[in-house]
Amino acid sequence: MKSLLIKSAIASSVVLSLATVTSPVMAASFSISIEEAGKQTANYSNLLNYNVQNFDASTLTTGYSATGFQWTDVGSYTNTLIVDKDQYGGADGTGKYFDVDTSRSGGKQTVSTLNLTTAQSYFGLWWSAGDANNVLEFYSKGNLVERITTADVVSYIAKLPNKTSYYGNPNSAFKNQNSGEPYAFINFYDVAGTFDQVKFTNIGGTGFESDNHTVATGYSGITGNVIRAVPESSSVLGVFMIGFVGATSVLTRRVKKKSALQLS
């Protein structure tokens, strides 16, 4: 019996390992929430070791840069485009904002990358003037762990009771301009791990405008209107259950086989 238990434990480990190895590279590991309409910053009170990039520093000049720039103590951006405030972007209707735009960059830019020095578990941004060409991706050690498009954002906003409040620029300088596109601050919480790279992609003649990029190594809770929830450690629990069920099956088969031999 003792050897049987040992063997079943080994079987459990093998099944658990196989379940881990064969699981998809990308699974739903991010809980996502949207701040109230008009809010253009994160809720900093629930974030641990957070940093904010608002693109308003005097060292950041407007225009396209293939080399990008450094985000002190956080990481670096490559292939960047910085734009002055207008109806499409610029939190609070002031300063500058981040864009990925084939037209404004002279055909040189379709993707911009934020490489993080330290892995983070939270990312937030004011996603302004969202259109069908905008794609946001998160990577961990080169593996894609999450992908969000404007179509996703639109479907998320559609779930909110005040969905119409998210359309059009909310700032007084450009009030209600570009009313056909959504403007919202969106929070991304990686509940299953961390990420070390964020990619902003826009293929087409439009722009992927955003501002107030916020990262944090941890968080004390999830705030805002939660539009997609992923339980903490759910993926790990699921894999454990696969291993447990597999091991139980092995144990049951061995016991039945031994009983049959004794009866014969």
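In this text the structure is predicted, and so the values were computed from the model without any measurement.

So, the overall build of the protein
Moving on, step 1. Along its length, the protein carries three helices and 15 strands.
Moving on, step 2. A buried classification covers 44% of the 264 residues belonging to the protein.
Moving on, step 3. Long-range contacts, defined as pairs at least 24 residues apart, comprise 75% of the intrachain contacts of the protein with a sequence gap of at least 6.
Moving on, step 4. Surface summary for the protein: the accessible area is close to 12,800 Å², and the carbon and sulfur share equals 57%.

Let's talk about the nonpolar core
Across soluble globular proteins, nonpolar side chains have a tendency to be buried as a group.
Moving on, step 1. Among the nonpolar cores identified, the biggest contains 35 residues, and Ile34, Phe123, Trp127, Leu136, Phe138, Phe188 and Phe200 are the most heavily contacted of them.
Moving on, step 2. Ignoring anything within four residues of it in the chain, the contact list for Phe188 reads Phe30, Ser31, Ile32, Ser121, Tyr122, Phe123, Leu125, Trp127, Leu136, Phe138 and Ile148.
Moving on, step 3. With 13 residues, the next largest nonpolar core counts Tyr122, Val191, Ala216 and Tyr219 among its residues.

Observations concerning unusual backbone geometry
Moving on, step 1. For Asn79, which is not glycine, the phi dihedral falls at a positive 55 degrees.
Moving on, step 2. Inspection of the secondary structure puts Asn79 in the loop between strand S5 (75-78) and strand S6 (80-84).
Moving on, step 3. The class for Asn79 is buried, based on a relative accessible area of 16%.
Moving on, step 4. Positive phi values are uncommon outside glycine, yet Lys141 reaches one of about 55 degrees.
Moving on, step 5. Assignment of secondary structure puts Lys141 in the loop between strand S10 (134-140) and strand S11 (143-149).
Moving on, step 6. Relative accessible area serves as the criterion here: at 76%, Lys141 is assigned to the exposed category.

Some details on the pattern of salt bridges
Moving on, step 1. Under the definition given, this model contains four salt bridges.
Moving on, step 2. When the shortest N-O distance is used, the salt bridge between Arg104 and Asp86 registers 2.8 Å. Here Asp86 lies in the loop between S6 and strand S7 (96-99) and Arg104 lies in the loop between S7 and strand S8 (111-120), a separation of 18 residues in the sequence.
Moving on, step 3. Note on Asp86: relative accessible area 12%, which makes it buried.
Moving on, step 4. For Asp99, the salt bridge identified is with Arg104, shortest N-O distance 3.2 Å.
Moving on, step 5. Three or more residues are tied together by salt bridges with common partners; here these are Asp86, Asp99 and Arg104.

Side note on the packing of aromatic side chains
Moving on, step 1. With the rule as written, the count across this model stands at 19 aromatic pairs.
Moving on, step 2. A ring pair is formed by Tyr77 and Phe98, whose centres lie 5.4 Å apart and whose planes are at 45 degrees; its orientation type is tilted. Of the two residues, Tyr77 is situated in strand S5 and Phe98 in strand S7; the sequence distance between them amounts to 21 residues. With respect to burial, Tyr77 and Phe98 carry one shared label: buried.
Moving on, step 3. It is Lys199 that lies over the ring of Tyr139; its NZ or CZ is 4.9 Å from the centre.

A few points about the sheet that holds strand S13 (residues 195-202)
Moving on, step 1. Here we have six strands laid out as an open sheet, ordered S4-S5-S8-S13-S10-S11, and antiparallel in their pairing. The open sheet has two edge strands, strand S4 (69-71) and S11, and neither has a second partner. Strand-to-strand twist in this sheet, taken as the mean axis angle between neighbours without regard to direction, amounts to 20 degrees.
Moving on, step 2. Bridging between S5 and S8 involves four bridges; their strand directions are antiparallel. By the bridge assignment, Thr78 is partnered in S8 with Thr113.
Moving on, step 3. Along the sheet face, helix H2 (residues 150-157) touches S10 and S11 and points at about 60 degrees away from the line of S11.

Cut-offs used in this document
- Residues numbered from 1 in each chain as written.
- Predicted model: local features only at pLDDT ≥ 70, side-chain atom pairs only at ≥ 80, totals over all residues.
- Heavy atoms only, no water.
- Helix = DSSP H or I, 4+ residues; strand = E, 2+ residues; numbered from the N terminus.
- Buried < 20%, exposed > 50% of the residue type's maximum accessible area, 1.4 Å probe, protein only.
- Contact = heavy atoms within 4.5 Å.
- Areas by Shrake-Rupley, 256 points an atom, 1.4 Å probe, with all protein chains shown as cover.
- Core = buried A, V, L, I, M, F, W, Y, C linked by side-chain atoms within 4.5 Å.
- Salt bridge = Lys/Arg side-chain N within 4 Å of Asp/Glu carboxyl O.
- Phe/Tyr/Trp six-rings, centres within 6.5 Å; stacked < 30°, edge-to-face > 60°.
- Lys NZ or Arg CZ within 6 Å of the ring centre and 35° of its normal.
- Pairing = 2+ DSSP bridges.
- Axes fitted to C-alpha atoms, helices over the stretch in contact; angles between N-to-C directions.

No statement about biological role is implied by the geometric values presented.
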